[in-house]
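# Analysis of the macromolecular model
Residues per chain are reported as follows:
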Amino acid sequence: MSKHQIGEKDGAEPQAQKRAKLDLPTKDEQKQLQHTDLLMKSNLFKMEVEQLLIEVTGESKLQKTKVTQWTERVNELLRNGKSYSGLSTITEKNLKKAGLKHHKAIELVNTGDEKLRIDFQAPSSVEQIGSSVYGTSLSSMLNVDLAVTMPKDMFDHRDILNHVYFDKRKLYLLGLYNTLTKHNKEEDPLFSKISIATFKGDLRKPILVLEAPFTLKSCPNGFSIRLIPCVNDDTFQAVQLRANKNNVRPQGKKGEDESSLPATPHYNLSILEDMAVLKQHKFLLRTVGENAELKKALLLFKTWQSQRGFRFAADGFDGHNATLLLAYLHLTHRLPGGANVSAIAAFQTMLTFIAEGNLQCDLDFRSSALGAKRVQPNYHGSTGGVNTPKALASNGGAVILEDSSITIDSLVHSSILDDATMWDYKRPLLLTHPLVNVNDTKDQKREVRYNALWRVSASSVSMLTSEAQRSLFLLQTQSPTCFENLFMQRRSFFERHDHFYHFKVHAHTLPYLSNCNIHVPKEDAQKDVFMRAVSEAPQEQRQELRNMLQHTAAPLHFAASAVQLLSRALGDRSSAVHSYVRCVSAQSASTTNEEENEEISSVGYTAHQPIWVLSSTGVNATSNSTDVDFIVSIGVVLDREKMDRRVDRGPTNTSSIPDIAADPALFSHQHNAPADAAHDELIRFRALWGEKVQLRRFKDGAIVESVVWENNTTNTVIVEQVVKFVLGRHISALCGQTGELVRVVNNQVERHVQSAMYPHGSKVDNDVASRKAVEALDQLRSLLTSQLKKLPLGYENLMAVAPELRYTSLFAPTVHPLAQVASSKSSEGGISKALKQMLKQHAGQTLTLLASPLKVLVQIESSGKWPLEAEAIKKSKLALLLKTKAELKAQFEISSVIHEDGTLDVCYEGYVFRLQLVATPEIEAAQLGHAYSIDTTSRTVACATVVAPLHHLGVRALRSQYPSYTGAVRLLTAWAAQHYYSGHLCLEHIELIVAYEYLHPYTAQPPASPLAGFYRALLRLSQHNWDVTPLIVDLSAEGKELQNPAIQAEIVNKFNALRNNSTESTLDPQSRRLLNTPLYIVSSADRANHYYPSVSNKSPERVVLGMIVRSAEASAARLLAYMQKYDHLQLQSSEEETAALTEIMHDSTILSKCNLLLKCNKALLNKNVAEGPSFARLSVFANTPASEANIGALVVRESTCGVHPIQEGLVHQLNEKFGDLAVFFWNALSAREIGVLWRPTATATASFGVLSCLNRLVEEGAVSTMLNKPSVIAQMLDVGDGLIVGAEELV
């Protein structure tokens, strides 16, 4: 019996099997496909991570022979007691002899104290610690940390008081420095450079950094050894270093009861930190150092930290903290799989733990579950007395956890206890909340707990949590760009915030702040604005600062205080307020040697980076001063809906509290008023706002004390007013009485662009002007669709497509007086009366005759009688337009002008609306076109009739959701124009690139300011891999259309087929070339174009796109430098501000790369938008005849920019005729010149051919041809027909 069915041929498949191949997949098959897809993504991510680990690990480099030999040599030198021969007693005089007496990181606090000395001895031990031992060093920063244990008998138990321990630590460091420099021989160098750095940014605790005397090709960033002095855990009585103890006695109060003095938690914890170094090292070595997968997880986490700028911040979550966290997760069995956990799973667990806010809890190694209940810190103030301004000041700006069950013993833990070992869980090492309480309710004599995260600020925890949440989302959704976003792209502090406020902590003002009894000399106050601010600060404020600066790091204290004050003052105007501290040299402005200045000072305020470079004779001679200043940057994440709130309402007033608005003198008494739970909130409100508080009555009948902010200034936003007032009131010693020393970065770029567009000050509010134009269109829509009669076919809808009507146009639509006159009705007096009123109103002024029409698509009613031929449809539409023109004039006295291209310009409410009719057959043809038979004609119709309206609606919806979106689009449009990319980077591309940053924000929320949106769009433009990945932007109403995996796969497959020029695609070669655009952006509006990019014909060429990407990268770097810069001279000088902004927004260097410069006729230049170019102006007088002041005098031209349509048309003609020979660059804002860059294919010699000899010059006696440049240039001038006045060839 045959194996085939009857009638089937040999080798043919059974019919049932053929049908099975064409059937849709079953549910089981769909699940299998889905699991396969996820598995492939997971495997790809795993492969990328494995490759990353190979590249970032530094363990193999640290094991090289040269590195290990040098490390052992330094180690042996430090251990050998004979190395210190000649060193005995070290005092302050030795610092002076070494030239280090006045260096802030090694300057003694107890100067002039003759008893302050040490008998120098060899270290008790020298042990290698840190990531180099655990095997978790990153190859980008190779260091070996050596813990140098200072001898116990060098200290007295009273040395923990009044900075004596820190002074002795500095003297011991001097002994190490002298020893190392003595053994650094020229013939046998021990190091190439020696530097002083700060331990985690703490100026009280300097360390030494030695740079290797050799170089390795595998270590391009160099290699260094860091010497960190520390002490054994039994050197001091740990019980005296609890966070509720005071160890800094004010002068003249040595005999005062300690309990009456404020606690010095930061000071105490800084000493405990040195005592815990070796214990923590041994613990981490046994916990993490023996597990290969945990090492890999740490490498991933450190890479993730570094890319976000968290790892080296002085108040940030550094690599050591990350190692402690991973050890905690491992010991408490939170890692999936236990000891067999994979690196990716461990990394994801760390992110999950942080994202869930667990760093704000008490983390106990002794428990397998959370040791304490979840606690949310109070970042915006509370009603409790511990968060009053006075209490905040006494705690260094730290927020106090107000849960009565959370005490200092449950928050601050230590492992440094008597004879306890790290594995005795009765003596735990805990990770705890980064903020410290100051109330101790327990008396545990033997146990002193140490907060391992005490340096990590609440601001850093907030940023870390937000970034972890976003990264975890990327991991869980298996995003195609997951790996790139997690580990490859850099994210800075300035990318995560909307507005920035900077103030400077000057080193030369710190002595006056830390001692309120020192008066600022008058001559210094007159010369120095910062000294004047200190001298004018209230004595009470200086007293509080003195108390805090006795035991805290000044920059971090001021940063924490500013964050707390602004969080409370801004309230719901902001969703987050964070700080960022940087270190700069006080001489950075006057140092002439830029390389040396960068080497010495511009290193940032990071954990261990060198601040001063030392030589054998002391500090490097390039610096005359060793003062180090600090810049405190405050970043504000704005709430887009409430950022403009004008009123801050206080709590309800009560009759028992005096009316502070009626008697401002009561402010001085409120600060010391007794705490009362019922009145505490009102007292805190008054203390925050001061004399600005006023009693007001609101519409709801409430009479409460409140603060009202003015909104009548266009250059100052309300948030800026709040910030300057609060910082000026509470930190006036640094910020000035009115906040004049605070540098603000918010809307300066917008103002700069506005001044460039409107140089004569005739600024226009784009949003208001666009809103009026949209309202006029709504009225016209109602008129055409429901009121206009006597038409053979009615109009169903008017669909706007003009950028002016979606708020993104660089120049706002304006009401033109002549168009307004033309739309006047006889019932209102007729055109003659309107003309007289217009002439009277504008008499003596010059009006522009240039008008840009607002394009609108008009959908005609459906009918079965429409012809099918394209030419017949065109003539039918023209006939309908003629009828419409006549009926508008007859029924409503509305003037209009018809054009041969089938458009109608209607003058309505002072605007010129250009109506383009869309017939039913055209829409049906566009919507029914097959995905693989799309031709150029149907594609053009689809883009014009379906895609453009959908794009317009999507952008309008996005603007209503994110008000700052259109401002960011305008900034990027101005940037592209002023970089001479007009016509290359079209407005639709700009809208989609900016939209991507709002719809797919990398940070926790989308930008809330145009500055933030513009900066992130520049980064997107410069960092996106346009050759490999399409940019997919979902503009649909719910934002879920393109989240469909099938649609995403379709877009990616089409993109890959075009990029690879796959023959599997049924597109013809011409369509493939057209659709394979370098700037490949697909939006939800492109579904009518079968998810091919609809604006591909406007995409820049590949070479031009490369230029745009490089320009965006350079501008983003300049903008970043501008946002983080602080220069008090720039606060007073607008010239430097303008120069910096011009460098960001304007760059004409592309013209220097061009071969030819075409100069436009000056008559075309539109320097004043209100007056227009000289060829299209009307001087208005009261007796101007109607023949000159009518609608016929208007020059109506379509333009993407709106101000230079003639030049735009000229460039379009040049591209059409000479696009195969050259690329043209021009600035649509200035339009003075057009750059011409010859194509290499045009300038190259070619073989002679009859069909290819156009514009070619044949050399005599040769068979090859070359470009006939003089002829081409002459033809370009002919195309200009007087519009181009000259051509200059560039070398």
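I will try to describe carefully the structure that is included in this document. Only a predicted model underlies this, so the values are computations on that prediction, with no experimental measurement involved. Every chain is numbered on its own, with residues counted from 1 as its sequence reads. The model is predicted, so local features are restricted to residues of pLDDT at least 70 and side-chain atom pairs to those at 80 or more, both for listing and for counting; the totals for chains, interfaces and linings are taken over all residues. Excluding hydrogens and water, the side-chain values take into account all heavy atoms of the structure.

## Observations concerning the packing of helix H35 (residues 987-999) against helix H36 (residues 1010-1023)
Quick reminder of the rule: Every angle, taken between N-to-C directions, lies between 0 and 180 degrees, and every axis is a line fitted to C-alpha atoms, over only the stretch in contact when it is a helix. For helices the rule is a DSSP run of H or I covering at least 4 residues; for strands it is a run of E covering at least 2, with both sets numbered from the N terminus onward. Note on angle classes: values under 35 degrees are labelled roughly parallel, values over 145 roughly antiparallel, values of 65 to 115 roughly perpendicular, and the remainder oblique. What makes two residues a contact is simply this: any of their non-hydrogen atoms within 4.5 Å. Amino acids outside the nonpolar list (Ala, Val, Leu, Ile, Met, Phe, Trp, Tyr, Cys, Pro) and the charged list (Asp, Glu, Lys, Arg) are all regarded as polar, and Gly is one of them.
Contact pair H35 / H36: the axes reach a minimum separation of 9 Å and the direction vectors enclose 110 degrees. It follows that H35 is roughly perpendicular to H36 by the angle criterion. The residues of H36 that touch H35, namely those facing Ile 993, Val 994, Tyr 996, Glu 997 and Tyr 998, are Gly 1013, Arg 1016, Ala 1017, Arg 1020 and Leu 1021. Among the residues forming the contact of H35 with H36, the class breakdown is six nonpolar, one polar and three charged.

## Digging into the sheet that holds strand S22 (residues 903-908)
Strands belonging to one sheet form pairs held by backbone hydrogen bonds; the direction of such a pair is parallel or antiparallel. Test applied: Whether two strands pair comes down to DSSP finding at least two bridges between them.
A sheet is described by the order of its strands in space; here five strands give the open sequence S17-S20-S23-S22-S21, paired in mixed fashion. The strands lining the two open edges of the sheet, one partner per strand, are strand S17 (795-800) and strand S21 (896-898). Neighbour-to-neighbour, the strand axes of this sheet turn through a mean angle of 25 degrees, independent of strand direction. Its contacts with the sheet place helix H28 (residues 766-787) against S17, strand S20 (854-860), S22 and strand S23 (911-918), and it is angled at close to 165 degrees to S17.

## Concerning the packing of helix H34 (residues 965-978) against H35
Rules: When the near helix sits turned anticlockwise from the far one by under a right angle, the crossing is termed left-handed; a clockwise turn instead gives a right-handed crossing.
One can describe the packing of H34 onto H35 by two numbers: an axis separation of 9 Å at closest approach and a directional angle of 135 degrees. Taken together, H34 and H35 sit at an angle that is classed as oblique. H34 and H35 meet at a crossing whose hand is right-handed. Here H34 contributes Tyr 965, Ala 968, Val 969, Leu 972, Thr 973 and Ala 976 to the contact with H35, which in turn contributes Leu 987, Ile 990, Glu 991, Val 994, Ala 995 and Tyr 998. A breakdown of the residues in the contact of H34 with H35 according to their chemical character gives ten nonpolar, one polar and one charged.

## Focus: the packing of aromatic side chains
For the record, the criterion: When two rings of Phe, Tyr or Trp (its six-membered ring) have centres within 6.5 Å they constitute a pair, described as stacked for plane angles under 30 degrees, edge-to-face for angles over 60, and tilted for the intermediate range. Geometrically, a lysine NZ or arginine CZ counts as sitting over a ring once it is within 6 Å of the ring centre and also within 35 degrees of the ring normal.
This model, assessed by the stated rule, comprises 31 aromatic pairs. With a centroid separation of 5.9 Å and an interplanar angle of 90 degrees, the aromatic rings of Trp 70 and Phe 214 are classed as edge-to-face. One end of the pair, Trp 70, is in helix H4 (residues 65-79); the other, Phe 214, is in the loop between strand S6 (202-211) and strand S7 (223-230), and 144 residues separate them in sequence. Taken together through their ring pairs, the aromatic side chains of Phe 45, Phe 301, Trp 304, Phe 310, Phe 317, Phe 347, Phe 483 and Phe 487 make up a single cluster. Geometry around Phe 166 places Arg 204 over its ring, the cationic atom sitting 5.4 Å from the centre.

## Focus on the environment of Leu 285
Selection rule: Buried, partly exposed and exposed residues are distinguished by accessible area as a fraction of the type maximum, computed with a 1.4 Å probe on protein chains only: under 20%, between the cut-offs, and over 50%, respectively.
Note on placement: Leu 285 falls in helix H9 (residues 277-287). For Leu 285, a relative accessible area of 31% gives the class partly exposed. For Leu 285 and Ser 131, which are 154 residues apart along the polypeptide, the C-alpha to C-alpha distance reads 9.5 Å. In contact with Leu 285, not counting residues within four places along its chain, are Val 133, Tyr 134 and Glu 290.

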